[in-house]
Amino acid sequence: MRHHSAGLRAMDLLMALLSVVSVLLVSLRWFFGEYFTPETLSLFYDVDSLLCYVFIIHFLYGLARSDQRLAYLKSNWIYLPGSLPMVEQLRWARLLQLYRVIQLLRRNPDLLAIFRRERSESHLAGILLLFFVLLGVGAGLIFWVEGGTPGSQINNAYDAFWWALVTLSTIGYGDIVPHTDEGRFVASLVIIFGVGLFSAMSGFMASLFLKSTDKETQALQQQVRHLTQQQDQLLQELRQIKESLRRG
């Protein structure tokens, strides 16, 4: 988002979705805390804090890209308090971001046009969305099939989240491994999706460098054309001078 009146962007849609997740995590901690273990509640808080850092990075990214930074700050400062990880009570302010996205969608409900507007940002938003979905689904599935199983190394939600993060990133420390056939099946899926996800990220980064190279090449070609035009103009002037001297 460049400023508050700017059109809706793919990254704004992702931030709105993550805002819903953030508010949901806070709601689970506040209103349904008695149904979860202390480790799970602590995980909810840490994941919510991680999302807050994502919100702050998005805010700073928009500020850096804006050509009217003062106007950007005036229009978007209201979303910043809900992004502070140390104040959980302010997390409800993230609903303002969701409200803004809903209002912009009502004005222009054509999602395909939003995705086509800036393909690079849409690709990045898609990759990040897939990462968060796979992380949540992978952690939930492995905890469901491995949690509480005799001999399992996944004893709580923290272990499941850590395993999913390490496996999805294809690092694979090996400190936590599934022991059941169902757990190994889930691990196989997470590994396959993780490899594909980071391949997509690598392709996205490569495309950015190629675009940068293409811009430099286009600038160089434009400069060469400009110099060629100047050279042709200079030769034409010399011919005119030569013709004038001959006539004189």
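All values derive from a computational prediction rather than experimental measurement.

Here is what the cut-offs are and how they apply
- Counting restarts for each chain, with residues numbered from 1 along the sequence as it is written.
- It should be noted that, the model being predicted, local features are given only for residues of pLDDT at least 70 and side-chain atom pairs only at 80 or more, the latter also being counted only at that level, while totals for whole chains, interfaces and linings use all residues.
- Water and hydrogen atoms play no part in the side-chain values, which are based on all heavy atoms of the structure.
- Helix numbering and strand numbering both begin at the N terminus, where a helix is a DSSP run of H or I of at least 4 residues and a strand a DSSP run of E of at least 2.
- Remark: exposure states derive from per-residue accessible area (1.4 Å probe, protein chains only) relative to the maximum for the residue type, with buried under 20%, exposed over 50%, and partly exposed in between.
- Surface accessibility in these figures is a Shrake-Rupley result with a 1.4 Å probe; residues are shielded only by whichever protein chains are displayed.
- N or O atoms within 3.5 Å of each other form a polar contact, as long as, within protein, one can give a hydrogen and the other can take it, and as long as residues adjacent in sequence are counted only when both atoms are side-chain atoms.
- Only heavy atoms enter the contact rule, under which two residues are in contact if any of them lie within 4.5 Å.
- Only four residue types enter the charge count, namely Lys and Arg as positive and Asp and Glu as negative; His and the chain termini do not.
- We count a salt bridge whenever a side-chain nitrogen from Lys or Arg sits within 4 Å of a carboxyl oxygen from Asp or Glu.
- UniProt positions are given in the numbering used here, feature names are shortened, and annotations may be inferred rather than shown by experiment.
- A helix's residues, less one, multiplied by 1.5 Å, set its expected span.
- Lines fitted to C-alpha atoms define the axes, with helix axes restricted to the stretch in contact, and inter-axis angles between N-to-C directions lie between 0 and 180 degrees.
- Each angle is binned into one of four classes, with values under 35 degrees roughly parallel, values over 145 roughly antiparallel, values of 65 to 115 roughly perpendicular, and all other values oblique.
- In this scheme the handedness of a crossing depends on how the near helix is turned from the far one: anticlockwise by less than a right angle means left-handed, clockwise means right-handed.
- Here the term charged refers only to Asp, Glu, Lys and Arg, the term nonpolar to Ala, Val, Leu, Ile, Met, Phe, Trp, Tyr, Cys and Pro, and the term polar to all other amino acids, Gly among them.
- Grouping buried Ala, Val, Leu, Ile, Met, Phe, Trp, Tyr and Cys residues that are joined through side-chain atoms within 4.5 Å yields what is termed a nonpolar core.
- To pair, rings of Phe, Tyr and Trp, with the six-membered ring standing in for Trp, must have centres within 6.5 Å; the planes then decide the type, stacked if under 30 degrees apart, edge-to-face if over 60, and tilted in the middle.
- Geometrically, a charge over a ring is one whose NZ (Lys) or CZ (Arg) sits within 6 Å of the ring centre while staying within 35 degrees of the ring normal.

Chemist: What should I look at first to understand the overall build of the protein chain in this one?
Modeler: The secondary structure content of the protein chain amounts to eight helices and zero strands. Ordered by position in the sequence, the α and β elements of the protein chain form the string α-α-α-α-α-α-α-α. Expressed as a percentage of its 248 residues, the buried residues of the protein chain come to 33%. Accessible area of the protein chain: about 15500 Å², with a carbon and sulfur share of 65%.

Chemist: Explain the side chain of Ser-83 to me, please; I cannot follow it from the model alone.
Modeler: The topology assignment puts Ser-83 in the loop between α3 (69–76) and α4 (94–107). The exposure class of Ser-83 is buried, given its relative accessible area of 2%. Side-chain polar atoms of Ser-83 contact the backbone oxygen of Tyr-79, separated by 3.2 Å. Those residues in contact with Ser-83 that sit more than four places away from it in its chain are Cys-52, Phe-55, Ile-56 and Arg-94.

Chemist: Before we go on, may I ask you to explain the side chain of Glu-146 in this structure?
Modeler: Relative to the helices and strands, Glu-146 is located in helix α6 (residues 119–146). This buried residue, Glu-146, is left without a salt bridge; Arg-184 holds the nearest opposite charge, at 6.8 Å. The contact partners of Glu-146, leaving out residues within four places of it in the chain, are Ser-152, Ile-154, Pro-178, His-179, Thr-180 and Gly-183.

Chemist: Looking at this structure, I do not really get the UniProt feature "transmembrane region" (unreviewed entry) in the protein chain. What am I missing?
Modeler: UniProt feature "transmembrane region" (unreviewed entry): in the numbering of this structure it lies at residues 12–32, 44–64, 124–145, 160–178 and 185–210. For the annotated span residues 160–178, helix accounts for 47% and strand for 0% of the residues, and the straight-line distance between the end C-alpha atoms is 10 Å.

Chemist: Sorry if this is basic, but what is going on with helix α7 (residues 157–168) here?
Modeler: An α-helix turns once every 3.6 residues. As a result, residues three or four positions apart point the same way. With twelve residues, α7 should reach 16 Å at 1.5 Å per residue; the first-to-last C-alpha distance of 16 Å fits that figure. Burial analysis of α7 places nine of its twelve residues in the buried class, the great majority of the element. Residue Asn-156 occupies the N-cap position of α7, its side-chain oxygen lying 3.1 Å from the main-chain nitrogen of Tyr-158. Phi turns positive one or two residues past the end of α7, at Thr-170, with a value near 65 degrees.

Chemist: In this structure, what is going on with the packing of helix α1 (residues 10–31) against helix α2 (residues 38–65)? I would like to understand it.
Modeler: When two helices pack together, their arrangement is given by the angle between their axes and by how far apart the axes lie. Relative to each other, α1 and α2 sit at 155 degrees, their axes nearing to 9 Å. Our classification of the angle between α1 and α2 gives roughly antiparallel. When you trace α1 past α2, the crossing you get is left-handed. Together, Met-11, Asp-12, Met-15, Leu-18, Ser-19, Val-21, Ser-22, Leu-25, Val-26, Leu-28 and Arg-29 of α1 and Leu-41, Ser-42, Phe-44, Tyr-45, Val-47, Asp-48, Leu-51, Val-54, Phe-55 and His-58 of α2 make up the contact between the two elements. For the contact of α1 with α2, the class distribution of residues is 14 nonpolar, four polar and three charged.

Chemist: I tried to follow the nonpolar core on my own but got confused; where do I start?
Modeler: Nonpolar side chains tend toward joint burial in soluble globular proteins. Core analysis: the largest hydrophobic core is formed by 19 residues, its most contacted members being Ile-142, Trp-163 and Leu-168. Residue assignment for this core shows that the elements contributing at least two residues are α6, α7 and α8 (181–247). Per element, the largest residue contribution to this core is six residues, and it comes from α7. Sequence-distant contacts of Trp-163, defined by excluding residues within four places in its chain, comprise Gly-138, Ile-142, Ile-176, Pro-178, Val-186, Ala-187 and Val-190. Counting twelve residues, the second-largest nonpolar core is a separate cluster that includes Ala-10, Met-11, Leu-14 and Phe-44.

Chemist: When you look at the packing of aromatic side chains in this model, what are you seeing that I'm missing?
Modeler: The geometry of an aromatic ring pair comes down to the distance between the two centres and the angle between the two planes. Scanning the entire structure with this criterion turns up eight aromatic pairs. Geometrically, the ring pair formed by Trp-30 and Phe-31 is edge-to-face, given 6.4 Å between the ring centres and 75 degrees between the ring planes. Among the residues examined, Trp-30 registers a relative accessible area of 38% and is labelled partly exposed. Classification of Phe-31 by relative accessible area gives exposed; the value is 54%. Every member of this aromatic cluster is reached through a ring pair, and the members are Trp-30, Phe-31 and Trp-92. The residue whose ring lies beneath Arg-94 is Phe-55, and the NZ or CZ to ring-centre distance is 3.8 Å.

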